[in-house]
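# Reading the structure
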Amino acid sequence: MYPSKPRILSQREVTRSRLFRVEELELRFSNGEERHFERLMGSDQGAVMIVAMPDPEHVLLIREYAAGFEDYVLTLPKGLVDPGEDIVTAANRELMEECGFGANNIEPLVELSLAPNYMRHRMQVMLASDLYPQRLPGDEPEPLIVETHAIDELPALLAREDFHEARAIAALYIARDRLRAEQTHPLTW
């Protein structure tokens, strides 16, 4: 038995930037307690993160500047879904922009959130395979470095100081486990 969702007493935008809105909420919980919350609102279009497999044993990672850490990090390609795009089209476009590859096969893997108590942001993780060379111009301020890593060597990636984005880590483990399960129990039609 779950309690009823809190009642929103008031809701207002506090500030807005090019990418985000900050909202404050006044909530009343089912037990009568009232609390003030703030949340970061992202794009309602959604976002994608791509686990791109150039072959069954390897994954493409990108090295890009992360302003939050003031350093370069290793992560998966990702980006916002543009108006009018579906998640498969957005994933293929981002893959072409950030890695220089398109994919003949792209399928949804999992939906992840980040800090759901403070952010209304969902990321669709997509598994891309059967890659082919194709580059589109992107919006990155500098060319991204693309690296290929063995998907079975995730512990070695975790030991690196430059690989720590939780969504990328979760996505790689989920993709690895799904690929292992498919190898153990292949689908038969």
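My aim in this report is to walk through the structure given alongside it, one point at a time.

Before going further, it helps to examine the pairing of strand 1 (residues 7-16). Bridging between strand 1 and strand 2 (residues 21-28) involves eight bridges; their strand directions are antiparallel. Counted as the bridge partner of Ile 8 is Leu 27 from strand 2. Here strand 1 folds back onto strand 2 in antiparallel fashion, the turn holding four residues.

Spatial strand order, 7-4-10-8: four strands in an open sheet with mixed pairing. A strand with exactly one partner marks an edge of an open sheet, and here the two such strands are strand 7 (78-80) and strand 8 (101-113). Across this sheet, the average inter-strand angle for adjacent strands is 25°, counted without regard to direction. This element, helix 1 (residues 87-99), spans strand 4 (47-52), strand 7, strand 8 and strand 10 (122-133) of the sheet and lies at about 115° to strand 8. Docked against the sheet, helix 3 (residues 166-184) engages strand 4, strand 7, strand 8 and strand 10, running at close to 110° with respect to strand 8.

Within the secondary structure, Thr 75 is located in strand 6 (residues 71-75). Taking the relative accessible area as the measure of exposure, Thr 75 reaches 0% and is therefore buried. Once residues lying within four places of it in the same chain are set aside, the contact partners of Thr 75 are Leu 61, Ile 62, Glu 64, Glu 165 and Ala 168.

Attention shifts here to the nonpolar core. Within the largest apolar cluster, 23 residues are counted, with the highest numbers of intra-cluster contacts made by Val 51, Leu 76, Phe 163 and Leu 172. Elements with a minimum of two residues in this core: strand 4, strand 5 (58-66), strand 8, strand 10, helix 2 (154-158) and helix 3. The leading source of residues in this core is helix 3, at six residues. Formed by 16 residues, the second largest nonpolar core is a distinct cluster that contains Leu 60, Ile 62, Ala 90 and Cys 99.

So, about helix 1. If you check helix 1, its first and last C-alpha atoms are 17 Å apart, about what 13 residues at 1.5 Å a residue would give, namely 18 Å. Burial of helix 1 is extensive: 10 of the 13 residues sit out of reach of the surface. Capping the start of helix 1 is the job of one residue whose side-chain oxygen sits 3.1 Å from the backbone nitrogen of Val 88: Asp 86. Looking one or two places after helix 1, you find Gly 100, whose phi comes out positive at around 80°.

Right, let's talk about a nonpolar patch on the surface for a bit. A contiguous nonpolar surface patch, about 250 Å² in accessible area, is contributed by Leu 19, Phe 20 and Leu 80. Here Phe 20 shows up in the loop between strand 1 and strand 2. For Phe 20, a relative accessible area of 36% translates into the label partly exposed.

Next up on the list: the pairing of strand 2. Pairing of strand 2 with strand 3 (residues 34-41) involves eight bridges; the strand directions are antiparallel. Paired with Glu 24 across the strands is Glu 38, a residue of strand 3.

The rules behind these values
- Residues numbered from 1 in each chain as written.
- Predicted model: local features only at pLDDT ≥ 70, side-chain atom pairs only at ≥ 80, totals over all residues.
- Heavy atoms only, no water.
- Pairing = 2+ DSSP bridges.
- Helix = DSSP H or I, 4+ residues; strand = E, 2+ residues; numbered from the N terminus.
- Axes fitted to C-alpha atoms, helices over the stretch in contact; angles between N-to-C directions.
- Contact = heavy atoms within 4.5 Å.
- Buried < 20%, exposed > 50% of the residue type's maximum accessible area, 1.4 Å probe, protein only.
- Core = buried A, V, L, I, M, F, W, Y, C linked by side-chain atoms within 4.5 Å.
- Expected span 1.5 Å × (residues − 1).
- Polar contact = N/O pair within 3.5 Å; in protein donor to acceptor, adjacent residues only side chain to side chain.
- Patch = residues over 30% accessible without salt bridge, like charges linked within 9 Å, V, L, I, M, F, W, Y side chains within 5 Å.
- Areas by Shrake-Rupley, 256 points an atom, 1.4 Å probe, with all protein chains shown as cover.
- Salt bridge = Lys/Arg side-chain N within 4 Å of Asp/Glu carboxyl O.

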